[in-house]
Amino acid sequence: MSSETQPTQPVAPRARHRRRLTRRRAVVGGLAALGLTGAALVGSGMLAPAGAASAWPEAKGSKPVAKTIEVSGTYDGKLQRFHGTGALGDGGQGEGQAPMFTLKDGAVLKNVVIGSPAADGVHCLGSCTLQNVWWEDVGEDAASFKGKSASSVYTVYGGGARKASDKVFQFNGAGKLVITKFQLSDFGKLVRSCGNCSTQYKRTIIVSDVDVTVPGKQLVGVNANYGDTASLRDIRVHGDAKRKIQPCVRYEGNNKGKEPRTLGSGPDGTHCRYAASDITHQ
């Protein structure tokens, strides 16, 4: 998912234009395969080259949040820093916390910096898009995906997360989660398919064009017994000379609230889908 070109002389402009179009089509086709529609690409800068993480943005103002913000349609935070206060401001790690944002089915949250305290981040109740959302200090989870339909698609495009003592993304619902052009550092797990939710689903996870910086423990955790799959592509790991970060771990999930059993890790072609070349260490 990258595009770069170079000029020559007289006839070249036409040839150069063809190359550009070809590569652009390849990028758009690749994003479509990941569940990103053409409408989501227009005017959003989503055709940036792969391989270079965006710089963390400087927040443009501060907005305290005392009560969960409910979003239907599109909410543009204009890169303000949203931080919890009052009931959302205790900075705890409790599972039952309220989120900063709740997104209804089909909602889009974009251009938001979530500061500290971050409460329970963002809850998606159905398909949702998180575009250019940045978590400076993850609370319990950065985002939880809770849709109940197998056709639900949760898209995380751009943005990043830091300081997640446990999970960045908690995948409790059904459907497909696509994470592209994201960056994270100082984390426990990037994504965990819920290991012990009372209602379980088959879940699909795609992680592509992501920058990961130590310290960190695990990128993706899936439940093999429920048919979960995780596909990893173009993952760049920074500073992990001893290869301690596990790209994909398989678990035996349950619906009884028990701690799930670990079954194994590494590519297996079924649940953990990637090759050694899909992950580079820098």
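See the structure shown above.
What you see is a predicted model, and the numbers here were worked out from it, not measured in a lab. (Residues numbered from 1 in each chain as written. Predicted model: local features only at pLDDT ≥ 70, side-chain atom pairs only at ≥ 80, totals over all residues. Heavy atoms only, no water.)

1. Observations concerning the environment of Q183
On the secondary structure map, Q183 appears in strand β12 (residues 183-193). For Q183, a relative accessible area of 14% puts it in the buried group. Spatially, the C-alpha atom of Q183 lies 8.6 Å from that of R162, the residues being 21 residues apart in sequence. A distance of 3.3 Å separates polar atoms of two side chains, one belonging to Q183 and the other to W56. (Helix = DSSP H or I, 4+ residues; strand = E, 2+ residues; numbered from the N terminus. Buried < 20%, exposed > 50% of the residue type's maximum accessible area, 1.4 Å probe, protein only. Polar contact = N/O pair within 3.5 Å; in protein donor to acceptor, adjacent residues only side chain to side chain.)

2. Some thoughts on the pattern of salt bridges
Applying the stated rule across the entire model yields 11 salt bridges. A salt bridge links K167 to D141; its shortest N-O distance comes to 3.6 Å. Taken together, the residues span a long stretch of sequence, with K167 in strand β10 (residues 160-171) and D141 in the loop between β7 (128-135) and β8 (143-145) at a distance of 26 residues. Exposure remark for K167: the relative accessible area of 7% places this residue in the buried category. For D141, a relative accessible area of 3% puts it in the buried group. A salt bridge links D166 to K189, with the nearest nitrogen and oxygen atoms 3.7 Å apart. Remark: K189 occurs in strand β12 and D166 occurs in strand β10; sequence separation between them is 23 residues. (Salt bridge = Lys/Arg side-chain N within 4 Å of Asp/Glu carboxyl O.)

3. Looking at the pairing of strand β9 (residues 153-157)
Among the five residues of β9, four are classified as buried, and the element is accordingly described as predominantly covered. As paired strands, β7 and β9 are joined by four bridges and run parallel to one another. Bridging from a neighbouring strand, C128 pairs with Y154 of β9. As judged from the five bridges shared by β9 and strand β11 (residues 175-180), these two strands associate in the parallel manner. Note on β11: the bridge partner recorded for T155 is V178. (Pairing = 2+ DSSP bridges.)

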